[in-house]
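Observations on chain architecture
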Amino acid sequence: VIPSMRSLTAEEYVEAFKSFLDHSTEHQCMDEFNKEEMPNIMAGLGNGKSTINVLGVGSGTGEQDLKMIRILQAVHPGVFIDNEIIEPNAQHVAAYKELVNQAPDLQNVSFLWHQLTSLEYEQQMKEKGAQKKFDFIHMIQMLYRVEDIPNTIKFFHSCLDHHGKLLIIILSDSSGWASLWKKYSDCLPSTDSGHYITSNGIMNVLKRLGVEYRAYEFPSGWDITECFIEGDPVGAHMMDFLTGTKNFLGTAPPGLRRRLQEALCQPECSSKKDGRIIFSNNLSMIVVES
């Protein structure tokens, strides 16, 4: 009997996500953006205040957060940074705290974690009636997990202080994901609980809100070669991440598995390089003004 298909648990997602990071240039792509654009974006923050308030929404294990905080420290030397984090996954929060404990260069930064979803945080703030304002809010690769994307963006945009900025990092419409979701969504299992949102969808929301924004695009790739090697454990993890499904290769009907593997090889999804199959993981960085 083939076990039935089911969605990944939070713990399984962490493991599958790690296999994705290990084989993609996702973080290197963000590093490029940090190096080329971030100092200019951050230069205008805080408007001369002695404390800059930062909010990370869905911050995961914190690596990207701390990189941005270090840029902020470099651009605004001596300024105190009040950093709040919204992250529902307990494992991620624990890993983030451990990173902070090991970082000797963060003396001028305070950390406050909210182990909540973005919606739970929003509800708490509305119940309190006192909304804290932030100079910089970032939502990195997290809007796929949100039920009401327009309202979530609207709420966090309303949390910006004057001259504040909201950074949204999301998959680009030029990525293989966009093609997969639009053209081959019938190949994806119903156990995939994410929302298929890409940069154009976000920009449409921002246009409707009538806010100013700038979008940057950076190339990124994900080596999915192992996904096509029968019995390869790395490939199995990567397919779990791609489909949001536990043991997709072992539980999916053979026809579905074959159709998805064929879709992944389509030129609008992937390219071949030195005999490897590289799935396009291009990112859009959207900077929204207050």
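Calculation notes
Residues numbered from 1 in each chain as written. Predicted model: local features only at pLDDT ≥ 70, side-chain atom pairs only at ≥ 80, totals over all residues. Heavy atoms only, no water. Helix = DSSP H or I, 4+ residues; strand = E, 2+ residues; numbered from the N terminus. Buried < 20%, exposed > 50% of the residue type's maximum accessible area, 1.4 Å probe, protein only. Polar contact = N/O pair within 3.5 Å; in protein donor to acceptor, adjacent residues only side chain to side chain. Contact = heavy atoms within 4.5 Å. Phe/Tyr/Trp six-rings, centres within 6.5 Å; stacked < 30°, edge-to-face > 60°. Salt bridge = Lys/Arg side-chain N within 4 Å of Asp/Glu carboxyl O.

Brief notes about the side chain of asparagine 281
- By the element assignment, asparagine 281 lies in the loop between strand S9 (276–280) and strand S10 (283–289).
- Asparagine 281 gets classed as buried once you look at its relative accessible area, which sits at 1%.
- Within polar-contact distance, the side chain of asparagine 281 engages the side chain of tryptophan 177 at 2.9 Å.
- Here asparagine 281 is in contact with Phe20, Glu26, Leu171, Ser175, Trp177, Ser220, Gly221 and Trp222, once residues within four sequence places are set aside.

Details of the packing of aromatic side chains
- Enumeration over the complete set of coordinates arrives at 21 aromatic pairs.
- Judged by centre distance (5.9 Å) and plane angle (10°), the ring pair of tyrosine 13 and phenylalanine 17 falls under stacked. With tyrosine 13 and phenylalanine 17 both in helix H1 (residues 10–23) and 4 residues apart, the pair spans about one turn of that helix.
- On the basis of relative accessible area, tyrosine 13 is assigned to the partly exposed category, the value being 25%.
- Here tryptophan 177 and phenylalanine 241 contribute two aromatic rings whose centre-to-centre distance is 6.2 Å and whose plane-to-plane angle is 90°, an arrangement assigned as edge-to-face. In this pair, tryptophan 177 is assigned in helix H8 (residues 176–183) and phenylalanine 241 in helix H10 (residues 233–243), connecting sequence segments 64 residues apart. Take tryptophan 177 and phenylalanine 241: they sit in the same class, and that class is buried.
- Through a chain of ring-to-ring contacts, the aromatic side chains of Tyr13, Phe17, Phe20, Tyr144, Trp177, Trp181, Tyr196, Trp222, Phe241 and Phe279 assemble into a single cluster.

A few points about the environment of glycine 78
- Assignment of secondary structure puts glycine 78 in the loop between helix H4 (63–75) and strand S2 (80–86).
- Glycine 78 sits in the exposed class, given a relative accessible area of 68%.
- Considering only alpha carbons, one finds glycine 78 and methionine 38, 40 residues apart in sequence, at a separation of 18 Å.

Some details on the pattern of salt bridges
- Evaluation of the coordinates by the stated rule reveals 16 salt bridges.
- With a closest N to O distance of 2.6 Å, arginine 70 and aspartate 105 form a salt bridge. With arginine 70 in helix H4 and aspartate 105 in the loop between helix H5 (90–101) and strand S3 (109–114), this pair connects stretches of sequence that are 35 residues apart.
- The class for arginine 70 is partly exposed, based on a relative accessible area of 32%.
- With a relative accessible area of 33%, aspartate 105 lands in the partly exposed category.

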